[in-house]
Amino acid sequence: MALRIWASSTANALKLSCASKPHLSLSRCFSTVLDGLKYAESHEWVKHEGSVATIGITDHAQDHLGEVVFVELPEPGGSVSKGKGFGAVESVKATSDVNSPISGEIIEVNTKLSEAPGLINKSPYEDGWMIKVKPSSPTELESLMGSKEYTKFCEEEDASH
Amino acid sequence: MRGPLKLEVWKMGFVNYLDALKLQEKLVSDRKLCRIPDTLLSLQHPPTYTLGKRRTDHNLLIPASELKNIGAELHYTQRGGDITFHGPHQAILYPIISLREIGLGARNYVEKLESTMIELSSLYGVKACAGQKGETGVWVGERKIGAIGVRISHGITSHGLAFNIDPDLKYFKHIVPCGITDKEVTSLRRETSTVLPSEEVIHEQLISCFARLFGYNTVVWKENPSILSDHEEIA
């Protein structure tokens, strides 16, 4: 038990994903980018498994936001549209809209985030997931970036200042 | 790196809070479509209390119905941050800028807004600093001289900062400012023994600090801009 806790916190410190998940490609700016996910230019990720797509914000996004203190999420049963906002996060007195990379029906929202908004910082790809959606146009996923493309996108964005 | 950066500054004088909010919504939309360059609104508000997205109205210490008696309005907004007061002799900057184009995230953006107010304070010999973790804003010791509350939508900013030149600090007694209970609010007037120039000069200095810290090469000034365009009214 103690060994597992140690391994988990070390993995967190090194920003590595624990357990048997998609393998990593570490970008030069040390934000984690996971293979097997799709990414939007506004720094949200999508994990498509069967008929369900899980959406959250990336490690790069949470790092640039700072500590998240508040998360606004929609109700299940609502819908999302590609490129449109579905919620917001607040950090350092800034509210930032979160946009959906795909369209579909919201089937579940992560209610843990109202009590523990910091999960987005600690575990952006796992415990910090935001909504689960039934995609209405699965072809929308094809226009999103893969891990290598997104890594390059982040590097270029960070280099521009 | 990036090309030359242009900032258009609107010097607006006194603007009602709702009018400024509607103008910002329009400008954010225009900026997102690249119809306008990065734009900075410089203005003051009549006495106004505002709340952020979290709607922390438990930090308003008088009934909302009594606000009219003290000559103030109350508005709920989508910005980050807690409750605050805006009023005469407080310099406000609302940058409507594209964070993606200058490669800034929320955290770095807010830090630069803090630095803008810190730099302005230093022009008057006032040693201000950024807040501790969770206390975003600008402080002189334990006293808050500048507040920040920002909204970022599709990478475009709105709302911004408020710097206390010499507002009536009694208005702050009716709130728990920014939700922080045991700290005071202060002003440039209180913190410096230097004779202050006209407020217009201080506003221009604040704008210059902002432009320099954000790396704008070209600054275009728009005096007395109309908040109404030719084709629309603010209803």
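Residues numbered from 1 in each chain as written. Chains lettered and ligands numbered in written order. Predicted model: local features only at pLDDT ≥ 70, side-chain atom pairs only at ≥ 80, totals over all residues. Heavy atoms only, no water.

Enquirer: Any details on the overall build of chain B? Residues and values, ideally.
Expert: Along the backbone of chain B there are five helices and twelve strands. Taken over C-alpha atoms, the radius of gyration comes to 17 Å for chain B, in line with the 18 Å a tight globule of 235 residues would show. When its C-alpha atoms are laid out on the principal axes, chain B stretches across 45 × 45 × 35 Å. For chain B, the residues scored as buried account for 54% of the 235 residues in total. Pairs at least 24 residues apart make up 77% of the contacts formed inside chain B by residues separated by at least 6 positions. Charged side chains of chain B number 28 positive and 27 negative; the gap between the two group centres comes to 5 Å. (Helix = DSSP H or I, 4+ residues; strand = E, 2+ residues; numbered from the N terminus. Rg over C-alpha atoms; globule rule 2.2 N^0.38 Å. Buried < 20%, exposed > 50% of the residue type's maximum accessible area, 1.4 Å probe, protein only. Contact = heavy atoms within 4.5 Å. Lys, Arg positive; Asp, Glu negative; His and termini not counted. Charge placed at Lys NZ, Arg CZ, Asp CG, Glu CD.)

Enquirer: Now, about the nonpolar core: what can you tell me, with residues and values included?
Expert: In this structure, Met130 of chain A together with Phe214 of chain B are the most contacted members of the largest nonpolar core, which totals 63 residues. Among residues more than four places away in sequence, those in contact with Met130 of chain A are Ile55, Gly56, Ile57, Val71, Leu73, Phe86, Val89, Val98, Val109, Asn110, Leu113 and Ile120 of chain A. In this structure, Leu23, Leu43, Tyr94 and Ala162 of chain B belong to the second largest nonpolar core, which totals 17 residues. (Core = buried A, V, L, I, M, F, W, Y, C linked by side-chain atoms within 4.5 Å.)

Enquirer: Please provide a residue-by-residue account of the sheet that holds strand S5 (residues 84-86) of chain B, values included.
Expert: All names here are of chain B. Ordered in space as S4-S3-S5, the three strands form an open sheet in which the pairing is mixed. In this open sheet, the two edge strands, each paired with only one partner strand, are strand S4 (73-76) and S5. Within this sheet the neighbouring strands show an average axis-to-axis angle of 25°, counted without direction. Sheet topology places strand S3 (residues 48-51) next to S5; three bridges connect them, and they run antiparallel. Residue pairing across strands places Tyr49 opposite Phe85, the latter belonging to S5. (Pairing = 2+ DSSP bridges. Axes fitted to C-alpha atoms, helices over the stretch in contact; angles between N-to-C directions.)

Enquirer: So what's going on with the interface of chain B and chain A? Which residues, and what values?
Expert: Listed by partner, the interface residues are 29 residues for chain B and 23 residues for chain A. Carbon and sulfur atoms supply 49% of the area that chain B and chain A bury against each other, a total of about 2,200 Å² over both sides. For the chain B face of the interface with chain A, the top three residues by lost area are Lys53, Arg54 and Arg107 of chain B, together amounting to 27%. On inspection of chain B and its partner chain A, the count reaches four salt bridges. Its salt-bridge partner being Asp63 of chain A, residue Arg107 of chain B comes within 3.6 Å of it at the nearest N-O pair. Our count for the chain B to chain A interface comes out at 13 residue pairs in polar contact (both at pLDDT 80 or more). Among the elements of the structure, helix H2 (99-102), helix H3 (106-122) and strand S9 (143-153) of chain B are those that each provide at least two residues to the side of chain B that touches chain A. (Buried area = accessible area lost by both parts, 1.4 Å probe. Salt bridge = Lys/Arg side-chain N within 4 Å of Asp/Glu carboxyl O. Polar contact = N/O pair within 3.5 Å; in protein donor to acceptor, adjacent residues only side chain to side chain.)

Enquirer: Give me helix H5 (residues 147-159) of chain A: which residues, what numbers.
Expert: Residues and elements named next belong to chain A. Taking 1.5 Å as the rise per residue, H5 with 13 residues should run 18 Å; its terminal C-alpha atoms sit 18 Å apart, in good agreement. Those residues of H5 lying buried are Ser147, Tyr150, Thr151, Phe153, Cys154 and Glu157. For H5, the arc enclosing every buried residue in end-on projection is 160°, short of the 170-degree limit, so these residues lie on one face. The outward face of H5, more than 90 degrees from its buried face, is lined by the exposed residues Lys148 and Lys152. (Expected span 1.5 Å × (residues − 1). Arc of directions from axis to C-beta.)

Enquirer: With reference to specific residues and values, describe the UniProt feature "domain: Lipoyl-binding" (unreviewed entry) in chain A.
Expert: Taking the UniProt record as the reference, the feature "domain: Lipoyl-binding" (unreviewed entry) is found at residues 52-134 of chain A. Across residues 52-134 of chain A, helical content stands at 18% and strand content at 43%; the span's end C-alpha atoms are separated by 5 Å. (UniProt positions renumbered as here; feature names shortened; annotations may be inferred.)

Enquirer: Residue-level account of the pattern of salt bridges, with values.
Expert: Residue and element names in this part refer to chain B. Going through the model one piece at a time under the given rule, you end up with 17 salt bridges over all chains. For Arg35, the salt bridge identified is with Asp30, shortest N-O distance 3.3 Å. Within this structure, Lys11, Glu200 and Glu204 form a network of salt bridges that share partners.

Enquirer: If you had to explain the packing of H3 of chain B against helix H5 (residues 199-213) of chain B to someone new, which residues and values would you point to?
Expert: Residues and elements named next belong to chain B. Look at H3 against H5: their axes get within 9 Å of each other, and the N-to-C directions meet at 135°. Taken together, the axis directions place H3 and H5 in an arrangement best described as oblique. Of the two elements, H3 crosses H5, and the hand of that crossing is right-handed. Side by side, H3 and H5 meet where Lys112, Leu113, Ser115, Thr116, Met117, Glu119 and Leu120 of the first sit next to Ile202, Gln205, Leu206, Cys209, Phe210, Arg212 and Leu213 of the second. (Parallel < 35°, antiparallel > 145°, perpendicular 65-115°, else oblique. Left-handed = near helix turned anticlockwise from the far one by under 90°.)

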